[in-house]
Amino acid sequence: MPEGPEIRRVADALNRALAGRSLTGVWFAFERLQAYRPRLLGAAVTRVEPRGKALLTHFSAGLTLYSHNQLYGRWLIAGAGENPSSSRTPRVRLETEAATAVLYSASDIEIWPSAEVESHPFLQRIGPDVLDDGLAPESVVERLLQPAFARRKLGALLLDQSFLAGLGNYLRAEILWAACLGPDQRPADLPGEVLAALGRAIVEVPRLSYATRGGSGQTHHEAAFRFNVFKREGAACPRCRTPIRKIADASRPLYLCPACQA
Ligand SMILES: [Zn+2]
């Protein structure tokens, strides 16, 4: 599943393609969404906003398209009047005079009044977006020490979208490595300087990934973002040269350095 940095790149690409332009074509695969078509035709896409692993596409008509790609959903963009090349099943098609954007394979698609979308159950459940510019390491440390999170194991906590939205399996591995922490450690047991290092890693690693990983938002060019441990089982830890190990943690593969994350 794509993580926060990849979702943000998709939002960037959709904003470049659609934002500020009137919709000349609107199509939904789901019957329950067809009634919104007349209101959306001619309306403008005002902004596409990433929220954790979901996307909110806001329209000038006072409506917002909520979509969560889960494992299989994917947005692709083509020129105006064209269709992206894909064998997937189209679910949403938005067209302007400049571009066509098609959401494939996703099923978690809803339209809400923009004024009420914050009460969507998913948005109610998730924590702050890890790529939010206003998120500071100090506030992450405060959150780590809240009663709901302080005694949780880091390996599971970093995957919990109610802690911070947008973290996933590769970011968890890279954050734990950056902070020299193992997955079984708990925030409440960590000394202040270690917590501070963890807070910095949680803020900085996703930003670095967003800034350097991937290109168009459609594909993953994993080489562009240098993984230190993720999918590097058996390779040397960049810090101490110990071979990286792959374990299972919270039902997901986790890559770590057994020496500097002991
Ligand atoms: Zn190491």
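Residues numbered from 1 in each chain as written. Predicted model: local features only at pLDDT ≥ 70, side-chain atom pairs only at ≥ 80, totals over all residues.

Draft legend 1. Representation of the overall build of the protein within the structure. Helices and strands together make up the secondary structure of the protein, namely 7 helices and 10 strands. Computed over its C-alpha atoms, the radius of gyration of the protein comes to 20 Å, within 12% of the 18 Å expected for a compact globule of 262 residues. When its C-alpha atoms are laid out on the principal axes, the protein stretches across 60 × 35 × 30 Å. Long-range pairs, those at least 24 residues apart, make up 62% of the contacts in the protein with a sequence separation of at least 6. (Helix = DSSP H or I, 4+ residues; strand = E, 2+ residues; numbered from the N terminus. Rg over C-alpha atoms; globule rule 2.2 N^0.38 Å. Contact = placed C-beta atoms within 7 Å.)

Draft legend 2. Molecular detail of the nonpolar core. If you look at the biggest cluster of nonpolar residues, it comprises 37 residues, and the most contacted ones within it are Ala173, Ile175, Leu176, Ile202, Val229 and Leu256. Where this core is concerned, the elements lending two or more residues are helix 4 (137-144), helix 5 (154-157), helix 6 (169-178), helix 7 (192-212) and strand 10 (252-256). Examining the composition of this core, we find that 7 residues originate from one element, helix 7, more than from any other. Setting aside residues no more than four positions away along its own chain, Ile202 makes contact with Val130, Val140, Leu164 and Ile175. Membership of the second largest hydrophobic core comes to 27 residues, among which are Leu18, Phe28, Phe59 and Leu103. (Core = buried A, V, L, I, M, F, W, Y, C linked by C-beta atoms within 7 Å. Buried ≥ 20, exposed ≤ 12 C-beta atoms within 10 Å, placed from the backbone.)

Draft legend 3. The sheet that holds strand 3 (residues 54-59), seen in detail. If you trace the 4 strands from one edge of the open sheet to the other, you get 2-3-4-8, paired in antiparallel fashion. If you trace the sheet from one side to the other, it starts and ends with strand 2 (45-51) and strand 8 (108-113), each paired once. Averaged over neighbouring strand pairs, the angle between their axes works out to 20° when direction is ignored. Bridge count between strand 2 and strand 3: 6 bridges; the pairing is antiparallel. When the bridges of strand 3 are listed, Pro50 appears paired with Leu55. Where helix 1 (residues 4-18) meets the sheet, its contacts fall on strand 2 and strand 3, and the angle it forms with strand 2 comes to roughly 175°. (Pairing = 2+ DSSP bridges. Axes fitted to C-alpha atoms, helices over the stretch in contact; angles between N-to-C directions.)

Draft legend 4. Expanded view of helix 7. Here helix 7 spans 30 Å end to end across 21 residues, near enough to the 30 Å set by a 1.5 Å rise per residue. Every buried residue of helix 7 is accounted for by Leu195, Leu198, Gly199, Ala201, Ile202, Val203, Val205, Pro206, Ser209 and Tyr210. Each element contacted by the buried residues of helix 7 is listed here: helix 1, helix 4 and helix 6. (Expected span 1.5 Å × (residues − 1).)

Draft legend 5. Quick peek at the domain arrangement of the protein. The assigned domain composition of the protein is domain 1 (4-125) and domain 2 (137-256). Just the C-alpha atoms count here: the centres of domain 1 and domain 2 sit 30 Å apart. Across the boundary between the two partners, domain 1 contributes 14 residues, which contact 14 residues of domain 2. For the side of domain 1 that touches domain 2, the element with the highest residue contribution is helix 1, accounting for 9 residues. Residue composition of the side of domain 1 that touches domain 2, by class: 5 nonpolar, 2 polar and 7 charged. (Domains from an automatic or database assignment. Nonpolar A, V, L, I, M, F, W, Y, C, P; charged D, E, K, R; others polar.)

Draft legend 6. Broad picture of helix 1. Its 15 residues place the ends of helix 1 21 Å apart at the C-alpha level, agreeing with the 21 Å of an ideal helix rising 1.5 Å per residue. A large share of helix 1 lies buried, amounting to 12 of its 15 residues. Among the residues making up helix 1, those that are buried are Gly4, Pro5, Glu6, Ile7, Arg8, Arg9, Val10, Ala11, Ala13, Leu14, Ala17 and Leu18. Where helix 1 is buried, its residues contact strand 2, strand 3, strand 5 (74-79), strand 6 (90-95), strand 7 (99-104) and helix 7. The positive-phi residue at the C-terminal boundary of helix 1 is Gly20, with phi of around 80°.

Draft legend 7. Representation of unusual backbone geometry in the model. With phi around 55°, Cys180 is a residue other than glycine that occupies positive phi space. Its location among the elements puts Cys180 in the loop between helix 6 and helix 7. Despite not being glycine, Ser251 has its phi angle at roughly 65°, a positive value. Within the secondary structure layout, Ser251 lies in the loop between strand 9 (245-249) and strand 10.

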